[in-house]
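# Close look at the chain arrangement
So you can see what is in the structure, the chains are spelled out below.
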Amino acid sequence: MKKYLILILLLLFSCQKDLLDDLEPTLPQEDMIFKVEESSVVDGQTIFFNIDSEVKHTLIIFDTERKSVVAKQSFRPTIGLNDFQIFTKSLPKKKLQLTLETSTEVLKSTYIVID
Amino acid sequence: MKKFLLILLLFLLPTTFLGQSGEGYINYKSYKTHYGNGSSSTYNGVSYNGGAGSTAEFDAMVDTNQPGTTLTHSGEVLPYGTSSLAGGWAPRWANDYYATVYSGWFKPNKTGTYNIKTQADDSSETRYREAGTTEWQYMTYQYGCCSNIYGTATLDKTKWYEFEFRYQEYGGGSYYYFGYSIPANSSSPIYNWISSNHQFGTWTNIEPNPTPTFTNNASDGKNAVYYKVFSTNGGDGNTGSHHPDNSSQFDDLFNTSTAGTEWTHQGRDTGTKALTWPWPNTLPRPNDGVWFGWEITGYFVPEETGTYEFKISSDDRSDFYLDLDDDGTFEAGTDEQVVYYYEGPSRYEQNVSLTKDSPVKFRVRYSQGSGGANLYLKWTKPSDTADNHTFNSDEIWSVKPEDVPFHYDVNYKFRNIDETGFKVNTYYEVSSSEIAQNSNSSAITLDGNGEATITSQVDTDLVGQGKYDITATPGSVEWVVTYTPMLTNKYRYRIGLDVREFPNGVDLDDVNNIELLDLVDTDGTSSYGNTSGLSNSWATTTSDAYWNNFYYYTWSTIPFSSSNYSSSIRSLGGGGYALKVELNFNEVTAYKTQYVVFDSPTTTELETLVDDVFTVADVVMAFNELSGGGLFGGFKGDYDYNVQYTNSDVNRDGVFDYNDTQLMIDFLNGGTMFDASYLAAVMMLTDLTDYESMTSTNWTNFTSSRTQFPLGLSTGTKQYDKSIAVHFKGDVNMSHSHLPSTTQTTSMAMDNMNIRNSSPMTSKSNDTIEVDLDIQKIEDEIVVTLNLPQNSKGVVGTEFRVGYDGDRVTFDRIESESTLQSFSAVRSSYIKLGSISTDGSQNLNGGTEYKIYFKEANDLTSFLGLVSVTKSELVGKSGEQIGVIVK
């Protein structure tokens, strides 16, 4: 009987309208930035990614609308997990493409959203 | 524990149950009243105290705005159960200081007059109304306690009625009983309290015939009507009788209690759509255009006084009523039933006497079965000499003209700018040099089309203008005298108005119009005899202690002898007259002069906007246009729109010349000769009609920059829809200014060049130049290198925007290899740089390189994003943009 009453109670409350958050869903940040297709980036965020060679690599921020490079930085990585800071204050507030490249190929790519 | 859960369950059930079961149930709401302790309550000047003593006090008692009233329970109950109309109690907060309202709809079991008996403790009201109507009818009411109260209700068993039975308890016993006697026993009532054996009728808490959603396709006012649409005869012709034989059958056909009739649509639309059958764009036609009906209502506002002849024609049936006695009803069998086309009798045309500007409510009904369909209402005016019936949309109104609500839409025409980044407010003119924000104005953001409804911001109060209309009415004192006229080419009368008739502080200079009986009517500019060019006029003369004199000029003598006011006119002999009249002074009122004004953007937003709008491409195009005139000056004629000259006149002197291009060069270099420090210095707003028709000579009238636009309010006009073109100083190539709908013949045009401001090509092609970007950190400097390679594009102008993080780096310097004239400007968050050949004699076919140096504040390992290239522009000799990508 106790179980029955509890079930009724649960049923009763479950019929109540759910509270819905009116806010737009926020794109999550992702430190392992190339593991997701798209993420938001905040100023000064440190991103991580794995590299398996020590040749010169370049991180490129690309505006797909203008089809132009916005910012870039070349560096000599260490094999394994590398970390890097991204600064966003000078960047246009929109969705941009972030790629990790060598002189011969694009290794990784993702989209970052700057708010 | 079991008992506890059961109690909890029973407690929660009625208070949380939000669903409605429909037939067999009614709704209830229970309120805690009197603060729960017997205190009186007041809200907005309305109070209740003790037991309800009137409907108004009852309304207050169940008004949750009242501080003493709280809604504690709501839900549904059986109407004849012990928790409702049979002396029971719906859930309530306590036994005292509460009120309960039962509501829903009933359809009685019988047709006829019921005798009703109620008993309640304390006050109660038992009321109902036919579904779809607004006025409550009372079966019984009692303000106090606790007798049997008797009343009647004449009901139709085919109709649904909305009801509201309510009672309130202040203290002590509490109950409400509903009883009735059926119509058959009306002469000797036999009452039964409501119960499962005596159900009275069918009860429901779901509206039987829900009101259709209101569709608004037209604003209230001229050429608008309200309409209702019904599906009739079951939607397929299989229910009920077809085609009304008379007005009464039309009533039944559009009654939702009639079997087969359903109210399907309602709304407001144009009179043209409703009454001229603009196939296929008619009012809604349910059932694929068969077995439906329309009821169209509004006001007929005659433009003339006299006899109108109305004519109706339709396929299938229709009628047209005018509420001539303005009693809110349309009476069949009277003059109000103007024209009709029933299955039985018909009268297609009928004369009606109407008075100019006196609105008369009208109703058109239309019924369609199957087959052909149409509806037309037309009429002739008193002044029409031919029997030519027409539909005049100006005489059809949805509401009386004086009841048209004020409405103001602004529609800004932008180009390549996010309209939603702008907000507007409405200001009023304090003086010729000052405006202030309306007290009722709060910022409204433009929508994605550049539109905003600013109705709420506008001050619609009419204010005195310090000018007066003088009228005269027959009186007992000769306050006016006219002297013998002088005749030159016109008659000139000197007319004296007694100064004692003038209000304090008012003299002839304050007069707007003078109307003296049927003798004189002039505002000083009125036309004579409706003949253009023969205008009357008047001028004031020196006033003395007794008379304010003015001269009245007219092409014919004042018609004293034929006046309808002969008893108010006395001849003074020799051509002079005295008028026995009282003078009335009515101050002319008008809306305040008001403006819709853009809010100021932030400094950064403004800098970015201006640098987006006004670039090296504009400067090259401006130089090109100026230099193209040859030895004898003038313009080359490459501009496609005359507004380009307005945009080119950056020094705002009404002339486009080398003074403007000098300012342009200075602007590229970050100079301040061209003031771009506030939005009103760069934005221009031009009425769209003027903008579209701007000519090669009148563009100089539109060179002022501003963010405020006059509303142009006029008394008597309630609806406004203002379209405004937005353009900018310096936007020579129209990249961010509204484009007129057609290209125009511009000054000294020799050939047209299409506006060269389409988005530059950014995909790699033979027409695109790739600029190499390199960003390196060298010691404490971050160096941005932009390399333009050798090419054959004839680049005469470049512009780049390099953003920087001002918290972490500081701009230091630019090094340029360009052989052209270099420029740069330091903004708050970016550097603008580039080079230009103003006469087109040099170009960058040999390539060039720019280096921009920044000092780093902190020694960061990463610098990704500390600097960025956010804009790049290459320009050819004629000002055309050359595709560029940065790689």
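Note that the structure is predicted; figures quoted are calculated from it, not measured. (Residues numbered from 1 in each chain as written. Chains lettered and ligands numbered in written order. Predicted model: local features only at pLDDT ≥ 70, side-chain atom pairs only at ≥ 80, totals over all residues.)

### A word on the overall build of chain A
- Counting secondary structure elements, chain A contains one helix and seven strands.
- Ordered by position in the sequence, the α and β elements of chain A form the string α-β-β-β-β-β-β-β.
- Within chain A, contacts between residues at least 6 apart in sequence are counted, and of these 53% link residues at least 24 apart. (Helix = DSSP H or I, 4+ residues; strand = E, 2+ residues; numbered from the N terminus. Contact = placed C-beta atoms within 7 Å.)

### Thoughts on the overall build of chain B
- Along its length, chain B carries 10 helices and 54 strands.
- Relative to its full complement of 887 residues, chain B shows a buried share of 37%.
- The long-range fraction of contacts in chain B, counting pairs at least 24 apart against all pairs at least 6 apart in sequence, stands at 74%. (Buried ≥ 20, exposed ≤ 12 C-beta atoms within 10 Å, placed from the backbone.)

### So, the sheet that holds strand β52 (residues 848–856) of chain B
All names here are of chain B.
- Strands sit in the order β49-β52-β47-β46-β54-β53-β48-β51-β50 across an open sheet of nine strands; the sheet is mixed. The open sheet has two free edges, formed respectively by β49 (809–816) and β50 (821–826), since each of these has just one partner strand. Adjacent strand axes in the sheet meet at a mean angle of 20° when their direction is disregarded. (Pairing = 2+ DSSP bridges. Axes fitted to C-alpha atoms, helices over the stretch in contact; angles between N-to-C directions.)

### A few points about unusual backbone geometry
Residues and elements named next belong to chain B.
- Following Cys145, the chain continues into Cys146 via a peptide bond in cis, with omega recorded as 0°.
- Here Cys146 shows up in the loop between β8 (137–142) and β9 (148–155).
- Backbone geometry at Asn44 places phi at a positive 55°, although glycine is not the residue there.
- With respect to the helices and strands, Asn44 occurs in the loop between β2 (41–43) and β3 (46–48).
- Look at Trp277: it is not a glycine, yet its phi comes out positive at around 50°.
- Position of Trp277 relative to the elements: it lies in the loop between α4 (271–275) and α5 (286–289).
- A tally of 20 C-beta atoms within 10 Å means that Trp277 is categorised as buried.

### Quick look at the nonpolar core
Residue and element names in this part refer to chain B.
- By size, the foremost hydrophobic cluster in this structure holds 108 residues, and its most contacted members are Val424, Val620, Val802 and Val867.
- Excluding residues that lie within four positions of it along the chain, Val802 makes contacts with Val784, Tyr830, Ile831, Ile852, Val867 and Val869.
- Core analysis: the second largest hydrophobic core is formed by 41 residues, Tyr31, Tyr48, Leu85 and Phe200 among them. (Core = buried A, V, L, I, M, F, W, Y, C linked by C-beta atoms within 7 Å.)

### Remarks on the packing of helix α7 (residues 616–627) of chain B against helix α9 (residues 658–668) of chain B
Residue and element names in this part refer to chain B.
- As a packed pair, α7 and α9 sit with axes 10 Å apart at the nearest point and diverge in direction by 160°. As summarised for this structure, α7 and α9 are arranged roughly antiparallel, according to the angle between their axes. As α7 runs across α9, the sense of the crossing is left-handed. Every residue of α9 that contacts α7 at Val616, Val619, Ala622, Phe623 and Leu626 is listed here: Tyr658, Asp660, Thr661, Met664, Ile665 and Leu668.
- Here the contact of α7 with α9 is built from residues that sort into nine nonpolar, one polar and one charged. (Parallel < 35°, antiparallel > 145°, perpendicular 65-115°, else oblique. Left-handed = near helix turned anticlockwise from the far one by under 90°. Nonpolar A, V, L, I, M, F, W, Y, C, P; charged D, E, K, R; others polar.)

### Focus on the confidence of the model for chain A
- Summing up the model confidence of chain A, the mean pLDDT is 82 and the portion of residues at 70 or higher is 75%.
- Counting contacts from residues 10–25 of chain A, a segment whose pLDDT is below 50, to residues more than four positions away or on other chains yields three contacts. (pLDDT = per-residue confidence, 0-100.)

### A look at the environment of B:Asn388
Residue and element names in this part refer to chain B.
- Mapping Asn388 onto the fold places it in the loop between β24 (374–380) and β25 (396–397).
- The exposed category is assigned to Asn388, around which 8 C-beta atoms lie within 10 Å.
- Taking the C-alpha atoms as reference points, Asn388 and Lys378, separated by 10 residues in sequence, lie 9.1 Å from one another.

### Looking at the pairing of strand β16 (residues 262–270) of chain B
Residue and element names in this part refer to chain B.
- The pairing of strand β14 (residues 214–216) with β16 spans three bridges and is classified as parallel. Paired with Asn216 across the bridge in β16 is Arg268.
- Relative to β16, strand β15 (residues 224–231) runs antiparallel, the two sharing eight bridges. Paired with Ala224 across the two strands is Thr270, which belongs to β16.

### Thoughts on α7(B)
All names here are of chain B.
- When the terminal C-alpha atoms of α7 are compared, their 16 Å separation across 12 residues agrees well with the 16 Å that a helix rising 1.5 Å per residue should span.
- With respect to burial, α7 is a largely interior element, 10 of its 12 residues being buried.
- Residues Val616, Ala617, Asp618, Val619, Val620, Met621, Ala622, Phe623, Asn624 and Glu625 constitute the buried set of α7.
- On its buried face, α7 sits against α8 (643–648), α9, β48 (797–804), β51 (830–836), β53 (867–875) and β54 (881–886). (Expected span 1.5 Å × (residues − 1).)

### Re the sheet that holds strand β22 (residues 349–354) of chain B
Residues and elements named next belong to chain B.
- Read across the sheet, three strands follow the order β22-β18-β24 without closing on themselves; strand pairing throughout is antiparallel. The open sheet has two free edges, formed respectively by β22 and β24, since each of these has just one partner strand. Direction aside, neighbouring strands of the sheet carry axes that sit 25° apart on average.
- By the bridge criterion, seven bridges tie strand β18 (residues 306–315) to β24 in an arrangement that is antiparallel. Across the sheet, residue Ser314 finds its bridge partner in β24, namely Leu375.

### Here we look at helix α6 (residues 603–613) of chain B
- Of the residues making up α6(B), those classed as buried are B:Thr608, B:Leu609, B:Val610, B:Asp611 and B:Val613.
- Among the structural elements, β45 (719–728), β48 and β51 of chain B are those in contact with the buried residues of α6(B).

### Examining the environment of B:Tyr227
All names here are of chain B.
- Among the structural elements, Tyr227 can be located in strand β15.
- Judged by C-beta crowding, with 23 C-beta atoms within 10 Å, Tyr227 ranks as buried.
- Along the primary structure Tyr227 and Val364 are separated by 137 residues, whereas in three dimensions their C-alpha atoms are 9.3 Å apart.
- With near-sequence residues (within four places) excluded, Tyr227 lies in contact with Gln266, Gly267, Asp269, Ala274, Leu283, Trp294, Glu295 and Ile296.

### Quick word on the confidence of the model for chain B
Residue and element names in this part refer to chain B.
- With 93% of its residues at a pLDDT of 70 or more, chain B shows a mean pLDDT of 90.
- Low confidence marks residues 4–18, where pLDDT is under 50. Its contacts with residues over four positions away, or in another chain, come to 15 contacts.
- Across residues 747–764, where pLDDT falls below 50, the model places 45 contacts with residues more than four positions away in sequence or in other chains.
- Predicted as a complex, the structure gets a pTM of 0.65 and an ipTM equal to 0.82.

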